[in-house]
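Per-entry structural report
Here is what each chain is made of, one letter per residue.
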Amino acid sequence: MKPPAAKPASPSTRAIRVVPSSGPTAWLTSFTAAAMTFLCVFALALSLASGRLADRWSDALARTATIRLSAPAEQVQVQTDAILLVLSTTPGIASYQAIDDDDTRALLEPWFGPDLPIESLPIPRLFEVVEAVPGYDSEGLRNRLTAEAPGAILDDHTRWRRPLAEAAARLRFLGLLSIALIGATMAAMITLAARAALATNIEVIRVLRLVGAKDSYIARAFVRRFTLRAFGGAMVGAAAGLAGVAALPAADAAGGFLTGLGFTGAGWLWPMALPPIAALVAFVATRRAAFQKLRELT
Amino acid sequence: MESTADVPLVKPSRPLSVKETTVIAFENVAYSYSGSELLADVSLRLAPGSFHFLTGPSGSGKSTFLKLAYAELRPTTGRVTLFDRDVTTLSRDDVARTRRRIGIVHQDCRFLDHMTLAANMALPFTVSDRESDPKELDELLGWVGLSHLSGALPPQLSGGERQRAALARAVIVDPDVILADEPTGNVDWEMSLKILTLLVELNRMGKTIVVATHDLNLIRQAKAQVQTRVLRIAKHRVQLAGADL
Ligand SMILES: Nc1ncnc2c1ncn2[C@@H]1O[C@H](COP(=O)(O)OP(=O)(O)OP(=O)(O)O)[C@@H](O)[C@H]1O
Ligand SMILES: [Mg+2]
């Protein structure tokens, strides 16, 4: 008969116990993970929001273009026909339409009133072009229009759309870069904390080597502890960050650039991925530090 | 296999693998700490089941010799072979595995100070992810007279208690070899004899024993019980001592 063991602990739980818990580095790891995850939530919100913005702007603006035709009266019909011919033979155009006088009048009515003698005014004739997916080659189209209908000007909004979309895309990139930097900083801090813990426990490590512990076993004790601490800290940081983002004013109320800074729909799930990622970063950083340190010992 | 001890403490050792003819061998080994030569031209061969004492003046290199024998130090020149394997060819994991076959009693009896004595005893099992048998642990603690201290932390133990605990920890995993550095340095004569009896008993179980000691009385006492050989370190050399002890 075997007396029952007091408390059967799993091997990994016992592995963690062979190293005494060290106060200051424990605190440092949890705090770093919490703070970095908190920052990460905002960087994530920023890059998701600017990503949405970039998509929306390029989407909405890229789909339609306008052709303006200003020509001497006797040329208008000839060039109109030429433009329609060019459009009908250009690949990448979903639909096009000449805007007739009634529609033009309706467009101008808010500014000039309903009785505008549109026929006698040199108002350019307008064509609306809706781009297909994939789109047309706007430079090619412009060249053909210049050749066939010299009075036609293609306005595809790119001139003022591009900087906006580029700014938004760059903002998204900066957000992602911040996330990477935050991750690297966390890895560096945890590496330092792990090194400090290893140095503090050098005698413990010697004893463990003496009784036949492999490096992987010794590393496990440290790695598990730091991983758990980073995970715990990151949970707190992510929760605080999410609360902060949720407390931002609603998108429609705030308006302007800040419109939609936050998470939408499934975007709320992204911050949930941060604690496991923080744990992974801690795992890799501690493991590397541990094996480096252990190799210095016999 | 004869056994005279009243406590059936140690299970019969697993046999050495057929290939292994030498447990520990030194071939022209020299060792120096940062330049100054401590050991030179040491050649010897410890057969399985042998019992050796290692003597020599303080600072002559007894502990160093034992550290070479459990691969904590690598020889400056020459070759150390453990279980027929050159230590320079051993990976770090190989060293760890080899140490599970070697019970080490360190001169300054290192323990994990944050864990109880019982947990420290079980450590060789713990680090190889094996379960220790609590009954066996109790018996072993009883034999070294530490049952009442199983829940104590190592810093609370006296020098002699630490030494007995270190010996108990060294034998718990049933190693093939026991390397003991001054195992009786801090205990009274009665306890010295008790520790010697344990070592003799382990030797009769087929284990190879090396004991570094200053204590000539202990060596004389051992010679009365078991066939031993005495190695003496003098002038950087390890020599077989004569029968004049
Ligand atoms: N890590 C080290 N670095 C440099 N010198 C060392 C180191 N360890 C031991 N020595 C020196 O090597 C010599 C032998 O040390 P060792 O511990 O092997 O002696 P010993 O025979 O065990 O002595 P004692 O009987 O006092 O335990 C001593 O002079 C010691 O100062
Ligand atoms: Mg010594």
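What you see as residue numbers is a count from 1 along each chain, following the sequence as written. Chain letters and ligand numbers both follow the written order, the letters beginning at A and the numbers at 1. Where local features are concerned, this predicted model is filtered to residues with pLDDT of at least 70; where side-chain atom pairs are given and counted, the filter is 80 or more; whole-chain, interface and lining totals use all residues. The side-chain figures draw on all heavy atoms in the structure; neither hydrogens nor water molecules are used.

So, about the nonpolar core. Take the buried Ala, Val, Leu, Ile, Met, Phe, Trp, Tyr and Cys residues and link them wherever side-chain atoms come within 4.5 Å; each set so joined is a nonpolar core. Each residue gets one of three labels from its accessible area relative to the maximum for its type: buried under 20%, exposed over 50%, partly exposed in between, using a 1.4 Å probe on protein chains only. In this structure, V18 and L208 of chain A together with L112 and L123 of chain B are the most contacted members of the largest nonpolar core, which totals 47 residues. In this text, helices come from DSSP runs of H or I with a minimum length of four residues, and strands from runs of E with a minimum of two, each type numbered from the N-terminal end. Where this core is concerned, the elements lending two or more residues are α2 (23-62), α6 (158-200), α7 (202-210), α8 (215-246) and α10 (274-295) of chain A. With ten residues, α8 of chain A is the single largest residue contributor to this core. Apart from the residues within four sequence positions on either side, L208 of chain A is in contact with V18, A213 and I218 of chain A together with L112, L123 and V127 of chain B. Core analysis: the second largest hydrophobic core is formed by 44 residues, L117, M121, A152 and A222 of chain B among them. Contacts are assigned to residue pairs with any non-hydrogen atoms lying within 4.5 Å of each other.

In this section: the environment of Y217 of chain A. Along the polypeptide, Y217 of chain A turns up in helix α8. A relative accessible area of 2% means that Y217 of chain A is categorised as buried. At 3.4 Å, the side chain of Y217 of chain A forms a polar contact with the backbone oxygen of T126 of chain B. Within 3.5 Å is the distance limit for a polar contact, defined as a pair of N or O atoms, with the added protein rule that one can donate a hydrogen and the other accept it, and that residues adjacent in sequence qualify only through two side-chain atoms.

All names here are of chain B. Relative to the assigned elements, E182 resides in the loop between β7 (177-181) and α7 (189-204). Buried E182, no salt bridge; nearest opposite-charge side chain is K62, N-O distance 4.6 Å. Of the polar contacts made by the side chain of E182, one reaches the side chain of H214; its length is 3.1 Å. Beyond its immediate sequence surroundings of up to four residues, E182 is in contact with K62, Q107, Q163, A212, T213 and H214. Only four residue types enter the charge count: Lys and Arg as positive, Asp and Glu as negative, with His and the chain ends excluded. Here, a salt bridge means any Lys or Arg side-chain nitrogen found within 4 Å of an Asp or Glu carboxyl oxygen.

Here we take up the pairing of β7 of chain B. Residue and element names in this part refer to chain B. The element β7 is extensively covered by neighbouring structure, given that five of its five residues are classed as buried. Alignment of strand β6 (residues 102-105) against β7, held across four bridges, turns out to be parallel. For G103, the partnering residue across the bridge sits in β7 and is I178. Here the rule is simple: two strands pair whenever DSSP picks up at least two bridges between them. Bridge count between β7 and strand β8 (residues 208-212): five bridges; the pairing is parallel. Pairing of D181 across the sheet is with A212, part of β8. Taken together, β7, α7 and β8 form a β-α-β motif whose crossover is right-handed. Handedness of a crossover: with both strands directed away from the viewer, a clockwise path from the first strand across the helix to the second marks it as right-handed.

With that settled, the discussion passes to the site of ligand 1. All names here are of chain B. Surrounding ligand 1, one finds 13 residues, the nearest of these being S58, K62, S63, T64 and Q107. In this structure, a nitrogen atom belonging to ligand 1 sits 3.3 Å away from a side-chain N or O atom of Y33. The separation between an oxygen atom of ligand 1 and a polar main-chain atom of K62 is 2.8 Å. Shrake-Rupley sampling with a 1.4 Å probe provides the accessible areas, and residues are treated as covered by the protein chains on show and by no other component. In isolation ligand 1 exposes 640 Å². Once the protein is present, 57% of that is buried. The greatest single-element share of the shell around ligand 1, amounting to three residues, is contributed by helix α1 (residues 62-69). Here the residues of the shell around ligand 1 are counted per class, giving three nonpolar, eight polar and two charged. Throughout, near means a residue has at least one heavy atom within 4 Å of the molecule or strand. Residues are grouped as follows: Ala, Val, Leu, Ile, Met, Phe, Trp, Tyr, Cys and Pro are nonpolar; Asp, Glu, Lys and Arg are charged; every other residue, Gly included, is polar.

The next thing to look at is the interface of chain B and chain A. Across the contact, 28 residues belong to chain B and 27 residues belong to chain A. Summed over both sides, the interface of chain B with chain A buries roughly 2,500 Å², with 57% coming from carbon and sulfur. Defined in terms of a 1.4 Å probe, buried area is the accessible area two parts forfeit on being brought together, summed over both. On the chain B side of the contact with chain A, R92, R110 and V127 of chain B bury the most area, a combined 26% of that side's loss. On the surface where chain B and chain A come into contact, there are three salt bridges.

Applying the stated criterion to the full structure yields 14 salt bridges over all chains. D86 of chain B is the salt-bridge partner of R79 of chain B, the closest N and O atoms lying 3.7 Å from each other. Notably, a salt bridge pairs R85 of chain B with D94 of chain B, separated by 3.3 Å at the nearest N-O pair. Here R85 of chain B falls in the partly exposed class, since its relative accessible area comes to 39%. It is possible to trace a salt-bridge network through shared partners that takes in E203 and R206 of chain A together with D108 and R110 of chain B.

Moving on to the coordination of the magnesium ion (ligand 2). Coordination of the magnesium ion (ligand 2) by the protein comes from S63 of chain B (OG) and Q107 of chain B (OE1), over a distance range of 1.9 to 2.2 Å. Of this pair, S63 of chain B sits in helix α1 while Q107 of chain B sits in the loop between β6 and α3 (117-121), and the two are 44 residues apart along the sequence. Donor atoms are limited to N, O and S found within 2.8 Å of the metal ion, a distance that becomes 3.2 Å for Na, K and Ca. With water left out, some sites might look partial.

All right, on to the domain arrangement of chain A then. The split of the chain into domains comes from an automatic or database domain assignment. The domain architecture assigned to chain A consists of domain 1 (11-52 + 170-296) and domain 2 (71-150). For domain 1 of chain A versus domain 2 of chain A, the distance between C-alpha centres works out to 58 Å.

This next bit is on the sheet that holds strand β3 (residues 51-55) of chain B. The pairing of strands in a sheet happens through backbone hydrogen bonds and is either parallel or antiparallel. All names here are of chain B. The strand order β6-β7-β8-β3-β9-β10 describes an open sheet built from six strands, whose pairing is mixed. Two strands close off the open sheet at either side, each with one partner strand: β6 and β10 (237-240). Pairwise comparison of adjacent strand axes, ignoring direction, gives a mean angle of 15 degrees for this sheet. In this sheet, β10 lies alongside strand β9 (residues 229-234) in antiparallel orientation, the contact comprising four bridges. Within the sheet, the bridge partner assigned to I233 lies in β10 and is V238. Orientation is described by lines fitted to C-alpha atoms, with helices fitted over the stretch in contact, and by angles between N-to-C directions that extend from 0 to 180 degrees. In the packing of helix α6 (residues 159-171) onto the sheet, contacts are made with β6 and β7, and the angle to β6 comes to roughly 170 degrees. Lying over the sheet, α7 contacts β3, β7 and β8, oriented at roughly 135 degrees with respect to β3.

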